[in-house]
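Observations on chain architecture
Residue strings, one per chain:
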Amino acid sequence: MTTVITKMITRICLPLVILFSISLLLAGHNNPGGGFIGGVMFVAVIALSYVVYGLETIKSSFNPNWGKWFGFGLFLAAFTAFAAIPFGHNFFRSAVEFLHIPLIGEVELVSAALFDTGVYFVVIGSLLSIFEMVGEDK
Amino acid sequence: MDPFRLVTLAVFLPFLLAATVPAVEKLIKHRIGWFASLVAFISFLLIINVVPLVIQGESFKASVEWLPSMGIEYSIYVDGLSILFGIIITVIGIIIMSYSNGYMSRKEDLPRYYQWLLLFMGSMLGLVFSANTIMMFIFWELTSITSFMLIGYWRNRPESVYGATKSLLVTASGGLFMLAGFIVLRSITGTFDITTILQNDTLIKTVHSHEFFLAALVLIFIGAASKSAQGPFYIWLPNAMEAPTPVSAFLHSATMVKAGIYLVARVHPIFSGTEAWFILVSGTGIITMLVAGFLAFRQTDIKALLAYSTISQLAYIMTMYGYTTYHQPGIGVAAATFHLLNHATFKACLFLVAGIVAHEAATRDITKLGGLRHEMPVTFIIASIGALSMAGVPPFNGFLSKEMFYESSIEMGHALGSPFTFIIPALAVAGGVFTFAYSIKFITAIFFGKRPEKGIPSHIHDPSVIMILPAAFLAGLIILFGLVPSIVVQNLVEPTASSIMMETQHLHVKMWHGFTSSLMMTLVTFMLGILIYTKYESIAEWQNSFNRKYPFISVNYVYDGLVNNARNTLKRFASFMQPGPVKAYVLALLVLTIILFAIPFLKLSTDLAPTLNFNLEPYEVLVLFFMIVAAVGAAVLPKYLQAVISLSALGYLVGLLFIYLSAPDLALTQVLVETLTTIIFVLAIVKIPQTFKEHISPSQFMKDALISVAIASVVFILLLSATQGIVSPFESLSYYFIENALPLAGGHNIVNVIIVDFRGYDTLGEIAVMCLAALGVYNLIHSRGESQ
């Protein structure tokens, strides 16, 4: 599986796919995409690099603690859910705000996007830590 | 800011900032403890802002909906009682977290320690400010969980693990009883909201006359007793002393163990005034007070001695809350509240002293300590103030509330009439005598007598200012409350007692109030206490020999037996339920599914013939054909790898079908998930034999085929009925989502809006499950490594 061609393609794909996964996350509210799909996309490309280059090689240069990622994601999601309470709103109430930024134009700020980011991190963190553990297990 | 926002912030900030502790620790290293104290201080400032409202005798309630259909809300109730607890929690919190800076070694895992302390503080604040019983229950169990983590802080020590497990089993299961009690209460009153009941006299009368009155009372009281270590549930508290000493001072003397007292005080207006209330609350209180006070003699660990004294002191408070039944209004409630506050000061102070002694002398064993008064003069003075206050010696605050305890006992005895006129005050004095004896023992064992030659370091001195100041501050409070009680009595105790009694209370506390009968009782207590103290060693020796002779007369014996039995039974149950091959589990699941779905379908399909309506485009037919080929391939191909590839081909084809059906989100997800599962499959199968070696007999094959066909038919019929209308059609929800996605949630992608907004709660649950799955895999892989 680890021919020069696959290695080369993986190397080119990796940053592109990660960027694409982030764009999927950000586009999610109005176009196809969202935290879950973006997250799985991210996982897929990291998994690809694990398979092509081997777990050890990748981990020697890039070795985040995926457990922290899903912890952070869950915290972020729960935080957005609870954040409405101090403002006297119901649990999970979402807020929408339209900002007008010069040159960029209309930007939509949605609290749900923050929640979606939480989902994104949980998907990446939990799937990749499972992946890593199964891969390392002898 | 309005009280709702102030209190909500005070509750939420510890949770929020606990999450940032590891990051902050990277910046300020071991000074992280000061950050935690700062958080406690901010919460304190927020709560202090609400105090003027309460001193004016007002209460405040506000809520936001949570699960409105079930009457569950996030609601805040501010009254004297919750403010008193809020102040105790935050003030002791500030003191403890500052003290920990000196106590905890820099080599320890400090972020974990402070994180759990902050989480505990948040949960405890949430508990005392809850107006909704379900919310109260959630915070209640959170305090049990955080206490579990803190007791087991040194997780490699078996005693810590034992103590932590015991406390969790006792207090968390007690919490379940309490939940059952709340549900019974709801079935009587129709609400989970406690303030609605408190403010409605007719509702309280309904509760009193209801046939489930006793059930609700007993269930809720079991919760309270388990948390406050009363009655047979006391056993967890001595073992909880395995926690780091600041934790014991905070959780297991000043705050968490008082949660049960809080609960009793909170439901006081609902249940009090009945015979059952008096028998249950005061009865349990008096028995616990005597037994725990007596058992304290045996203890050689100074923290265990303090634990038993905590149990006994909490029992005083419990007893006084029970007194109101026969003597309205009485000073019982006010006295109990005052004693609660005093106990928080002197017991936390004594625990801090115990921590100092253990820190400097490297032992907590009474038999190895002694004669340290010259080496640790400051600690000696502080310890004496704390212990004498506990013993009820003037001019400290313990004397005042102990006097009031005697006074209320006399009142209670009179109200009950002969023979209780004498019995109840006598029992109260007996409790006081034990307290006096072990309080004196605490001082003499550590600071007087001969200094042992061996076993303790040769140079012992007072600790650093960081550790001495918090204890000295508490000692200062003890003297202040003793000399000028009106500060706290007017501002905290009276509003609290008023909110517990539901009517304005006034209390006159003075150091000298003439030769009253309660003063006589105090004098008797001192004399008998000194007498008992001289016999201290022989009583302890008698208890030890009794325990050796009859080891089974002990609650711990019963607890250990129950836990071991449960462990063995569950082991048998597990090996019965999980006999081995995965195939068996899959078989069980499939057969159950077939049965569950087949029964309703057999009933339905008799008169409803489906009007089959397949409008398939040619390319869809093509995709479906390849799907069938791939499915057959997955079933018949001889090697694992081939079968897996065939299966994933099937998955990709399903994704293709989704594209034809114009569901891009779904198709994208399907393709990605399929990719991942394939990779995980491949990772797993490289570690096992590459071909199916197992020989399948013809009869087995027939059985497998039958089940496969059956499950396939069930799924087929299920899909048919969903899409072709065998089951009578119901109104689809999708129109609601299509119409409201943009106006309500501001999103054009309906699928995404459903996930993150309309059904956000579901999603939160799902991602929590994903995290749990990852943790589960971690446990599976690592625990297997350990057993080998």
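All chains use their own residue numbering, which begins from 1 and follows the written sequence. Labels are handed out in written order, letters beginning with A for the chains and numbers beginning with 1 for the ligands. Side-chain atom pairs in this predicted model are given and counted only at pLDDT of 80 or more, local residue features only at pLDDT of at least 70, and totals for whole chains, interfaces and linings cover all residues.

Attention now moves to the overall build of chain B. Only DSSP runs of H or I reaching four residues or more are called helices, and only runs of E reaching two or more are called strands; each is numbered from the N terminus. Scanning chain B for helices and strands turns up 32 helices and two strands. By its C-alpha atoms, chain B is 105 × 65 × 55 Å across when sized along the principal axes. Across the 788 residues of chain B, 45% fall into the buried class. By definition, residue pairs are in contact when their C-beta atoms, positioned from the backbone, come within 7 Å. Considering only intrachain contacts with a sequence separation of at least 6, the fraction spanning at least 24 residues in chain B is 77%. We call a residue exposed when 12 or fewer other C-beta atoms sit within 10 Å of its C-beta, buried when the count reaches 20 or more, and partly exposed for counts in between; the C-beta positions come from the backbone.

In terms of helices and strands, chain A carries five helices and two strands. Tracing chain A from N to C terminus, the helices and strands come up as α-α-α-α-β-β-α. Summarising its shape, the C-alpha atoms of chain A cover approximately 55 × 35 × 25 Å along the three principal directions. Within chain A, the fraction of its 138 residues that count as buried is 40%. Sequence separation of 24 or more characterises 68% of the internal contacts of chain A that already satisfy a separation of 6 or more.

This next bit is on helix α22 (residues 517-534) of chain B. Residue and element names in this part refer to chain B. Over its 18 residues, α22 runs 26 Å from end to end, which matches the ideal 26 Å to within 8%, given 1.5 Å per residue. For α22, the set of buried residues is Ser518, Met521, Thr522, Thr525 and Gly529. Relative to the axis of α22, the buried residues are bounded by an arc of 100° and lie together on one face. Along α22, exposed side chains directed more than 90 degrees from the buried face belong to Ser517, Leu523, Met527, Leu531 and Thr534. What a helix should span is 1.5 Å times the count of its residues minus one. As used here, the arc is the angular range of directions from the helix axis to the C-beta atoms.

A few words on the interface of chain A and chain B. On the side of chain B, 44 residues touch chain A, which itself brings 48 residues to the contact. Broken down by element, the side of chain A that touches chain B gets its largest block of residues, 14 residues, from helix α5 (residues 111-136) of chain A. Grouping the constituent residues of the side of chain A that touches chain B by class yields 32 nonpolar, 13 polar and three charged. In this count, Pro and Cys sit with the nonpolar residues alongside Ala, Val, Leu, Ile, Met, Phe, Trp and Tyr, while Asp, Glu, Lys and Arg are called charged and the others, Gly among them, polar.

Residue ranges labeled as domains rest on an automatic or database domain assignment. Here the domain parsing of chain B yields domain 1 (1-271), domain 2 (275-542), domain 3 (588-730) and domain 4 (731-788). Put simply, the middle of domain 2 of chain B and the middle of domain 4 of chain B, counted by C-alpha atoms, are 52 Å apart.

This part takes up the confidence of the model for chain A. Per residue, pLDDT captures the predictor's confidence, and it can take any value from 0 to 100. Within chain A, residue pLDDT values average 84, and 93% of them lie at 70 or more. Mean pLDDT across the elements of chain A bottoms out in strand β2 (residues 105-110) of chain A (69) and peaks in helix α1 (residues 4-27) of chain A (90).

What follows is about the environment of Phe131(A). Inspection of the secondary structure puts Phe131(A) in helix α5. Along the primary structure Phe131(A) and Ala47(A) are separated by 84 residues, whereas in three dimensions their C-alpha atoms are 7.7 Å apart. Not counting residues up to four positions away in its chain, the partners in contact with Phe131(A) are Ala47(A) and Ile680(B).

The predicted model of chain B averages 88 in pLDDT, with 96% of residues at 70 or higher. The ipTM assigned to the predicted complex is 0.88, against a pTM of 0.88.

Time to look at the packing of helix α4 (residues 80-103) of chain B against helix α20 (residues 465-483) of chain B. Residue and element names in this part refer to chain B. Running from N to C, α4 and α20 cross one another at 150°; their axes reach a closest spacing of 7 Å. Classified by the interaxial angle, the pair formed by α4 and α20 is roughly antiparallel. You can see that α4 and α20 cross each other, and the crossing is left-handed. Residue-level inspection shows Ile95, Ser98, Tyr99, Asn101, Gly102 and Tyr103 of α4 in contact with α20, the latter providing Ile466, Met467, Pro470, Phe473 and Leu474. A per-class count over the contact of α4 with α20 returns eight nonpolar, three polar and no charged. For helices, the fitted line uses only the C-alpha atoms of the stretch in contact; every axis is such a line through C-alpha atoms, and the angle between N-to-C directions lies from 0 to 180 degrees. To sort the angles, those under 35 degrees are grouped as roughly parallel, those over 145 as roughly antiparallel, those from 65 to 115 as roughly perpendicular, and the leftovers as oblique. Note on convention: the crossing is left-handed when the near helix lies turned anticlockwise from the far helix by less than a right angle, right-handed when the turn is clockwise.

Counted at 1.5 Å a residue, the expected span for α5(A) with its 26 residues is 38 Å, and the 38 Å between its end C-alpha atoms agrees. Of all 26 residues in α5(A), 21 are buried, a share of seventy percent or more.

The nonpolar core criterion groups buried Ala, Val, Leu, Ile, Met, Phe, Trp, Tyr and Cys residues into a set whenever they are joined through C-beta atoms within 7 Å. Judged by nonpolar contacts, the single largest core of 204 residues is most densely connected at Cys349(B) and Leu350(B). In terms of residue count, the dominant contributor to this core is helix α16 (residues 332-361) of chain B (19 residues). Two domains each donate at least three residues to this core, and these are domain 1 (1-271) and domain 2 (275-542) of chain B. Leu25(A), Met41(A), Ala81(A) and Leu764(B) belong to the second largest nonpolar core, which has 49 residues in total.

Turning our eyes to something else, we now look at the packing of helix α2 (residues 32-48) of chain B against helix α5 (residues 110-129) of chain B. Residue and element names in this part refer to chain B. One way to put it is that α2 packs onto α5 with a least axis distance of 10 Å and a crossing angle of 10°. The angle between α2 and α5 falls in the class roughly parallel. Packed against α2, whose contacting residues are Ile32, Gly33, Ala36, Val39, Ala40 and Ser43, the element α5 presents Leu110, Pro111, Tyr114, Leu117, Leu118, Met121 and Leu125 at the interface. Looking at the contact of α2 with α5, its residues break down into 11 nonpolar, two polar and no charged.

All right, on to the pairing of strand β2 (residues 72-78) of chain B then. All names here are of chain B. Within β2, six of the seven residues are buried, leaving the element largely enclosed by the surrounding structure. Pairing between two strands is assigned when DSSP locates at least 2 bridges connecting them. Taken together, the seven bridges between strand β1 (residues 60-67) and β2 define a ladder with antiparallel strand orientation. Directly across from Lys61, in β2, lies its bridge partner Tyr77. In this structure, the hairpin formed by β1 and β2 is closed by a connection of four residues, where Gly71 is found at a positive phi of approximately 75°.

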